[in-house]
Amino acid sequence: MSKPDRTEPQRRNPATAEGQTPRIATRLLGGGSALLLIALMVGGGHLLLRLEPEYLPVRVITVDGEVHRLPLTQLQSTVSERLEGGILTQDLGCLKSAIEELAWVHTAAVRRVWPDRLLISVFEHEPMARWGERALVTAAGIVFTPGPGEIPDGLPRLDGEVRLEGLAAPV
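Read on for an overview of the structure. The shown structure was predicted, so the numbers you read here are calculated from the model rather than taken from an experiment. (Residues numbered from 1 in each chain as written. Predicted model: local features only at pLDDT ≥ 70, side-chain atom pairs only at ≥ 80, totals over all residues. Heavy atoms only, no water.)

**Section: helix 3 (residues 92–100)**
Inference 1: Where helix 3 is concerned, the buried positions are Leu92, Leu95, Ala98 and Ile99. All buried residues of helix 3 lie within an arc of 125° about the axis, which places them on one face of the element.
Inference 2: Where helix 3 is buried, its residues contact helix 2 (72–82), strand 2 (105–113) and strand 3 (117–124).
Inference 3: Of the residues that open helix 3, the one with a side-chain oxygen 3.2 Å from the backbone nitrogen of Gly93 is Asp91. (Buried < 20%, exposed > 50% of the residue type's maximum accessible area, 1.4 Å probe, protein only. Helix = DSSP H or I, 4+ residues; strand = E, 2+ residues; numbered from the N terminus. Arc of directions from axis to C-beta. Contact = heavy atoms within 4.5 Å. Polar contact = N/O pair within 3.5 Å; in protein donor to acceptor, adjacent residues only side chain to side chain.)

**Quick notes on the sheet that holds strand 7 (residues 157–158)**
Inference 1: The sheet built from four strands is open, its strands ordered 6-5-4-7 with mixed pairing. Two strands close off the open sheet at either side, each with one partner strand: strand 6 (143–144) and strand 7.
Inference 2: Examined bridge by bridge, strand 4 (residues 127–131) and strand 7 share two bridges and lie parallel to one another. Bridge pairing in strand 7 places Arg130 opposite Arg157. (Pairing = 2+ DSSP bridges.)

**Overview of helix 2**
Along an α-helix, a turn takes 3.6 residues, which lines up residues three or four apart on a common side.
Inference 1: Listing the buried residues of helix 2 in full gives Leu75, Thr78 and Val79. Within helix 2, the buried residues cover an arc of 95° as seen down the axis, which keeps them to one side. Relative to its buried face, helix 2 has exposed residues pointing more than 90 degrees away, namely Thr73, Gln76 and Glu81.
Inference 2: Where helix 2 is buried, its residues meet strand 1 (60–64), helix 3 and strand 3.

**Considering the pairing of strand 2**
Inference 1: Relative to strand 3, strand 2 runs antiparallel, the two being bridged by eight bridges. By the bridge assignment for strand 3, Ala108 is matched with Val122.

**Considering the sheet that holds strand 2**
Inference 1: One open sheet accounts for three strands, arranged 1-3-2; its pairing is mixed. The open sheet has two edge strands, strand 1 and strand 2, and neither has a second partner. Across the sheet, the axes of successive neighbouring strands diverge by a mean angle of 20°, strand direction being ignored.
Inference 2: Pairing of strand 1 with strand 3, which is carried by five bridges, proceeds in the parallel orientation. In the sheet register, Val60 faces strand 3, and the bridge partner there is Arg117.
Inference 3: Contacts from helix 3 reach strand 2 and strand 3 within the one sheet, and its direction differs from that of strand 2 by about 155°. (Axes fitted to C-alpha atoms, helices over the stretch in contact; angles between N-to-C directions.)

**Some remarks on the packing of aromatic side chains**
Inference 1: Counting across every chain of the model gives one aromatic pair.
Inference 2: Residues Trp104 and Phe144 carry aromatic rings whose centres are separated by 5.1 Å and whose planes lie at 65° to one another, so their mutual orientation is edge-to-face. Placement of the pair is Trp104 in the loop between helix 3 and strand 2 and Phe144 in strand 6, with a sequence separation of 40 residues.
Inference 3: Among the residues examined, Trp104 registers a relative accessible area of 1% and is labelled buried. (Phe/Tyr/Trp six-rings, centres within 6.5 Å; stacked < 30°, edge-to-face > 60°.)

**Observations regarding the packing of helix 2 against helix 3**
Inference 1: Interhelical geometry of helix 2 versus helix 3 gives an angle of 150° and a closest axis separation of 10 Å. When the axis of helix 2 is compared with that of helix 3, the two are roughly antiparallel. The hand of the helix 2/helix 3 crossing is right-handed. From helix 2, Leu75, Thr78, Val79 and Arg82 reach across to helix 3, where they touch Cys94, Leu95, Ala98 and Ile99.
Inference 2: By residue class, the composition of the contact of helix 2 with helix 3 is six nonpolar, one polar and one charged. (Parallel < 35°, antiparallel > 145°, perpendicular 65-115°, else oblique. Left-handed = near helix turned anticlockwise from the far one by under 90°. Nonpolar A, V, L, I, M, F, W, Y, C, P; charged D, E, K, R; others polar.)

**Examining unusual backbone geometry**
Note on backbone geometry: most residues besides glycine have negative phi, and most peptide bonds are trans.
Inference 1: Trp114 connects to Pro115 through a cis peptide bond whose omega is 10°.
Inference 2: Looking at where Pro115 falls in the secondary structure, it is placed in the loop between strand 2 and strand 3.

Honestly, that's just the spatial picture; any functional story needs more than this.
Next comes the structure, spelled out in structure tokens:
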């Protein structure tokens with residue numbers, strides 16, 4: 001007895017070019033969409049960074065702390081020279097470093113206050129004695145040189161060498 005001859009239905013081979021066309025098109029379309037989305041996000045971010053200082057400027061700068069010897073005009077000019085961005089893009093570290101380079105400033109802190117303000121906290125050096133002809137020394141041994149005519153009267157005078165930058169040698 002022989003078996004009847006059956007023909008099996010033909011299957012489409014997924015490896016053929018005809019079967020791959022929809023998958024390739026879907027992948028290309030998905031990849032192209034992802035690239036377009038990334039390009040739009042990068043372009044939008046760049047546009048926001050360019051427009052941020054115009055739409056979110058720093059309008060108010062508040063100085064916190066007791067400022068007795070530091071000339072406020074010097075502080076104002078230092079801050080205004082380094083004020084470059086808006087409230088979100090302003091480099092606070094650069095601003096803090098510039099303020100701390102001023103002669104009478106021991107430490108400073110800068111922070112953002114929404115929506116348009118920077119708060120600067122300044123702590124001055126407290127001199128305990130003169131150091132040589134033109135410098136002052138604090139109780140912590142920090143030597144700093146104020147501007148001409150800014151050395152207070154009545155301080156005792158100490159002389160010695162400066163061992164590390166800004167630190168007096170033990171007296």
